[in-house]
Amino acid sequence: MFSRHVSRELAAYADRELGNAVEVERHIGQCALCRAEFEQVQFGMAMVEHLPSVEAPAAIWASIEAALEEKPREKPIWRWAFAAAVLLTVAGIAYWRAPVVQWDVIRLDGTPIVGAKHISGTGKIVVGEWIRTDSASRAGIKVGDIGTVEVEPNTQVRVMAAKADEHRLALARDIDPRYGAAFDRARALGVEAIAYRCVISAEEIAVAGPVPVLG
Amino acid sequence: MVAHLSDRETSAAIIESCRLGDRDAFRALYDIHKDKVYSISLYFFHGDQAIASDVTQQVFLKLMTGIGQFRGDAEFSTWLYRLVVNACLDAARRQKPDAAISEVFTAPASQEEDYARREVATSVRAGVSALPPKFRIAVLLRHFEDLSYEQMAKVLHCSMGTVASRLSRGHKILAERLKGLRG
């Protein structure tokens, strides 16, 4: 026979996880306070049943894969709307060292990924970082005063930087040594590395002359 | 062959394949558990999809890199949800004090739900969000995953009595907050 209240055991009793359920039941029958609390616990449990399971966004798996793999997905789908000419992604070409420039990224739909982070409102992107969208997400990149680039669903975009007065290309191996090693292996197997200087304006990217690829 | 195995046997087979580095098996394991993990994280963080996505990603990355520790399916749920609890509580500690509840929650309610049921669901979400973190995670674990109190005790690093107490108090607080919905 209980001489104490059973408040702390009421959930276990409701869930049939209690070894001494008979005693708790007897007490509830005799104690108005515990009976009232048991009804509250039952009501609370019934209310929680109103919480539906939510499907995890597809972008989560994409971000897990990206974190597990050393390079971006093998078959990216490149689609984007240009409003400025400073965004450029070409597989196999290294990115230049550049001053740290950040652009605002705006979530338009879903949860796009900037770098390794999902954004729910706004974020920042720097040179070298990727934006990834899945089938349900879109993002906008505010490129300085030039305009906004919309990144459509199922798209991967990497921000790169180029300057018109560059006259040679070298890998930033200290930033991404694995990329440097992979680049060397590719060249050893016969992949040719070529680089061109570009003249960039708000209206166009114009390919200028070739520059040597160092190291 | 897989079609004739029980769910438990299938899970054990998938886990074993994951331990051997089978990426497809990991994807299968992810697909089995992703929605529950995401849902717990989402409701724990007041509907913040970005945080919930980050926590979910973290959990499965840790799972992938640490799955060699497992000896059998019996331990798997316990370990998985311990990762979930730790990730949620760690992220909560790093956060600023809770923002206004439900402001960022994009309701998963279907279009077929009538207004009254949507209001109830919204109130419940707000009520759960307002629970202290230790009660909130216990309530969400119990609701979304079929763990025994013994398993929950291992997940939450506490005694079964403490599990019972947190669930009792959590549901009681929730009931008090939602008393206006009682018929």
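Refer to the preceding data block for the structure.
Residues numbered from 1 in each chain as written. Chains lettered and ligands numbered in written order. Predicted model: local features only at pLDDT ≥ 70, side-chain atom pairs only at ≥ 80, totals over all residues. Heavy atoms only, no water.

(A) Representation of the pattern of salt bridges within the structure. This model, assessed by the stated rule, comprises 11 salt bridges over all chains. D15(A) is paired through a salt bridge with R142(B); the nearest N and O atoms lie 2.7 Å apart. Taken together, the residues D15(A) in the loop between α1 (10–14) and α2 (21–30) and R142(B) in helix α6 (residues 133–144) connect one chain to another. Here E16(B) and R19(B) are joined by a salt bridge, their closest N and O atoms 2.9 Å apart. You can see E16(B) and its partner R19(B) sitting in helix α1 (residues 7–19), three residues apart, about one turn around the helix. A residue is classified by how much of its surface remains accessible, and E16(B), at 36% relative accessible area, is partly exposed. (Salt bridge = Lys/Arg side-chain N within 4 Å of Asp/Glu carboxyl O. Helix = DSSP H or I, 4+ residues; strand = E, 2+ residues; numbered from the N terminus. Buried < 20%, exposed > 50% of the residue type's maximum accessible area, 1.4 Å probe, protein only.)

(B) Seen up close, unusual backbone geometry. Residues and elements named next belong to chain B. A positive phi angle, close to 55°, is found at H46, a residue other than glycine. Along the chain, H46 turns up in the loop between α2 (23–44) and α3 (49–66). Judged by relative accessible area, H46 falls into the buried class, the value being 8%. In the Ramachandran plot, H157 falls in the positive-phi region, its phi being about 55° despite a non-glycine side chain. Taking the relative accessible area as the measure of exposure, H157 reaches 55% and is therefore exposed.

(C) Molecular detail of the interface of chain B and chain A. With 46 residues of chain B in contact, the opposing surface of chain A contributes 39 residues. Overall, the association of chain B and chain A removes approximately 3900 Å² of surface from exposure, summing both partners, and the carbon and sulfur fraction of that is 65%. At the boundary of chain B with chain A, the tally comes to two salt bridges. A salt bridge links E37(A) to K172(B); its shortest N-O distance comes to 3.2 Å. Here chain B is connected to chain A by 21 residue pairs in polar contact (both at pLDDT 80 or more). If one sorts the elements of the side of chain B that touches chain A by residue count, α2(B) sits on top with 10 residues. Of the residues contributing to the side of chain B that touches chain A, the split by class is 24 nonpolar, 10 polar and 12 charged. (Contact = heavy atoms within 4.5 Å. Buried area = accessible area lost by both parts, 1.4 Å probe. Polar contact = N/O pair within 3.5 Å; in protein donor to acceptor, adjacent residues only side chain to side chain. Nonpolar A, V, L, I, M, F, W, Y, C, P; charged D, E, K, R; others polar.)

(D) Up close: the sheet that holds strand β4 (residues 117–118) of chain A. All names here are of chain A. Pairing is antiparallel across the open sheet formed by four strands, whose spatial order is β4-β3-β6-β9. Looking along the sheet, the strands with just one partner apiece sit at the ends: β4 and β9 (155–158). Here strand β3 (residues 113–114) pairs with β4 via two bridges, running antiparallel. When the bridges of β4 are listed, V114 appears paired with K117. (Pairing = 2+ DSSP bridges.)

(E) Molecular detail of the packing of α6(B) against helix α7 (residues 149–156) of chain B. All names here are of chain B. With their axes 11 Å apart at the nearest point, α6 and α7 run at an angle of 140° to one another. Relative to α7, α6 is oriented oblique. Helix-helix and strand crossings are classified by hand; for α6 and α7 the assignment is right-handed. Where α6 abuts α7, its residues I137, A138, L141 and R142 lie against M152, V155 and L156. (Axes fitted to C-alpha atoms, helices over the stretch in contact; angles between N-to-C directions. Parallel < 35°, antiparallel > 145°, perpendicular 65-115°, else oblique. Left-handed = near helix turned anticlockwise from the far one by under 90°.)

(F) Just a nonpolar patch on the surface, in detail. All names here are of chain A. Taken together, the side chains of I194, Y196 and V207 make up a nonpolar region of the molecular surface, amounting to roughly 310 Å² of accessible area. With respect to the element layout, Y196 can be found in strand β11 (residues 195–200). On the basis of relative accessibility, which here comes to 41%, the residue Y196 falls in the partly exposed class. (Patch = residues over 30% accessible without salt bridge, like charges linked within 9 Å, V, L, I, M, F, W, Y side chains within 5 Å. Areas by Shrake-Rupley, 256 points an atom, 1.4 Å probe, with all protein chains shown as cover.)

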